[in-house]
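Okay, here's what each chain looks like letter by letter:
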Amino acid sequence: MLISEFDFELPDELIAQQPLRERDASRMLVLDRAANSWTDSAFLDLPKYLRAGDLLVVNNTRVFPARLVGKRDPSGGQVELFLIREEALGLWVALARPARKLSVGSRVEFGDRRLMGEIVGELDEGKRLVQFSPAETFRELLEEIGQTPLPPYIRRDEPARNSDRERYQTVYARESGAIAAPTAGLHFTPKVFDAVKAAAAEIAGITLHVGYGTFEPVRATDTGSHRVSPESFEISEAAAEQINRAKREERRVIAVGTTTVRALEAASQASGTITGGAGQAEITIVPGYEFRIVDGLVTNFHLPKSSLLLLVSAFAGTEFVLGAYRHAVAGGYRFYSYGDCMLII
């Protein structure tokens, strides 16, 4: 299939720029795959769509402040580094802006020179290899100096960014390592989890550190040649057993977010079971993929021609998903990270 087939029209005003005051107040479009129909609902109604014994699996990764704004040394020109991946102590792959001004040997400063960086390698597509000093305290300084790495379609003035440190994080975030939030989880609150448990559904937590591969632009022209970059994940033995028990008992496994789907399917075996432990999710899910683990999905609305839209279309059917997207646009649903969500069952 051509990537261009996964396009849709979206007015700018439907791109959510601010989160709702209450996390769980979003709308929810419920897609029933068997009936090939959808229903307008609310996220607070999620427990009503669950069956006793359903297993809800969440991604407990935590976003770290991966955006650094500083100055070139000694010229003082503003630069921005978006941290992608740590290669060694204090050595990072980062997206650089403006990349043309940051060649090998260039130096940058952050936080009144408390943190320094030197460009030690030039990579493709505006990426740079940066050695930070002091390397030993880099993580501590990053927590203080770094900013929340919001997607580019969300525009903030600097004071408003401080509030995103808490809001662009799930209430169950535990394991630091993501450069973007698993946004389907942003809707959940303790009240919703209590209602899920009251519906006799179970909850399991796994970790996939959302990386650049999740949201980097799709550069292929067809789905067959598209590849998503690897992301690290970990599934505890206890969570793996919980998931495997649900599959043995033919109970539904409902993934919260496409990142959870990727971790579960990457860890799956041909037998339809999960193997616990740490690994790299190297899987690319596009239409035609046969799902082994996931039976349901909670997900936000995604960008046109994106890896995430391809994954959702693989799960529910391209025409069905795009039809639901057109309905959501006509109905004024809020899109992307701080937007509304879908439940696909």
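A brief structural summary. Throughout this description, residue numbers start from 1 for each chain and increase along the sequence as written. Confidence filtering applies because this is a predicted model: local features only for residues at pLDDT of at least 70, side-chain atom pairs given and counted only at 80 or more, and all residues used for totals across whole chains, interfaces and linings. To get the side-chain values, all heavy atoms of the structure are used, and hydrogens and water are removed first.

Below, the discussion takes up the sheet that holds strand β10 (residues 127–133). When DSSP locates at least two bridges between a pair of strands, those strands are taken to pair. Only DSSP runs of H or I with at least four residues qualify as helices, and only runs of E with at least two residues qualify as strands; both kinds are numbered from the N terminus onward. One closed barrel accounts for six strands, arranged β5-β6-β7-β10-β9-β8; its pairing is antiparallel. Strand-to-strand, the axes of this sheet are offset by a mean angle of 45°, without reference to chain direction. In the sheet, strand β5 (residues 67–73) pairs with strand β6 (residues 78–88) via five bridges, with the strands oriented antiparallel. When the bridges of β6 are listed, R67 appears paired with F82. To define axes, lines are fitted to C-alpha atoms, for helices over the stretch in contact only, and angles between the resulting N-to-C directions are given on a 0 to 180 degree scale.

Right, let's get into the environment of S236. Relative to the helices and strands, S236 is located in the loop between β13 (231–235) and α5 (237–248). Separated by 20 residues in sequence, S236 and E216 have C-alpha atoms that sit 28 Å apart. Two N or O atoms form a polar contact when they lie within 3.5 Å of each other; inside protein one atom must be a possible hydrogen donor and the other a possible acceptor, and for residues adjacent in sequence the pair counts only when both atoms belong to side chains. Polar side-chain contacts of S236 include one of 3.0 Å to the backbone nitrogen of A239.

Moving on, we come to unusual backbone geometry. Note the cis peptide between D73 and P74, where omega equals 15°. In the segment running from S133 into P134, the intervening peptide bond is cis, with an omega of 0°. Looking at the secondary structure, you find P134 in the loop between β10 and α1 (138–145). Located in the positive-phi region is E125, a residue other than glycine, with phi close to 55°. Here E125 shows up in the loop between β9 (115–122) and β10. On the accessibility criterion, E125 (40% relative accessible area) is partly exposed. Notably, A200 is not glycine yet its phi reads approximately 70°, a positive angle. Mapped onto the secondary structure, A200 falls in the loop between α3 (190–198) and β12 (202–208). Buried residues are those whose accessible area, probed at 1.4 Å on protein chains only, stays under 20% of the maximum for their type, while exposed residues exceed 50% and partly exposed ones sit between those limits.

Two numbers describe how helix α7 (residues 307–316) lies on helix α8 (residues 318–330): the axes approach to 7 Å, and their chain directions differ by 120°. Residue-level inspection shows L309, V312, S313 and A316 of α7 in contact with α8, the latter providing T318, F320, V321, L322 and Y325. Should any heavy atoms of two residues lie within 4.5 Å, those residues are considered in contact.

Each helix should span, by expectation, one fewer than its residue count multiplied by 1.5 Å. Taking 1.5 Å per residue, 12 residues should reach 16 Å; α5 reaches 16 Å between its end C-alpha atoms and fits that length. Buried residues of α5: A239, A240, Q242, I243, N244 and A246, and no others. Where α5 is buried, its residues touch β3 (55–59), β12, β13, β14 (253–256) and α6 (258–266). Directly beyond the C-terminal end of α5, a positive phi value near 60° is found at E250.

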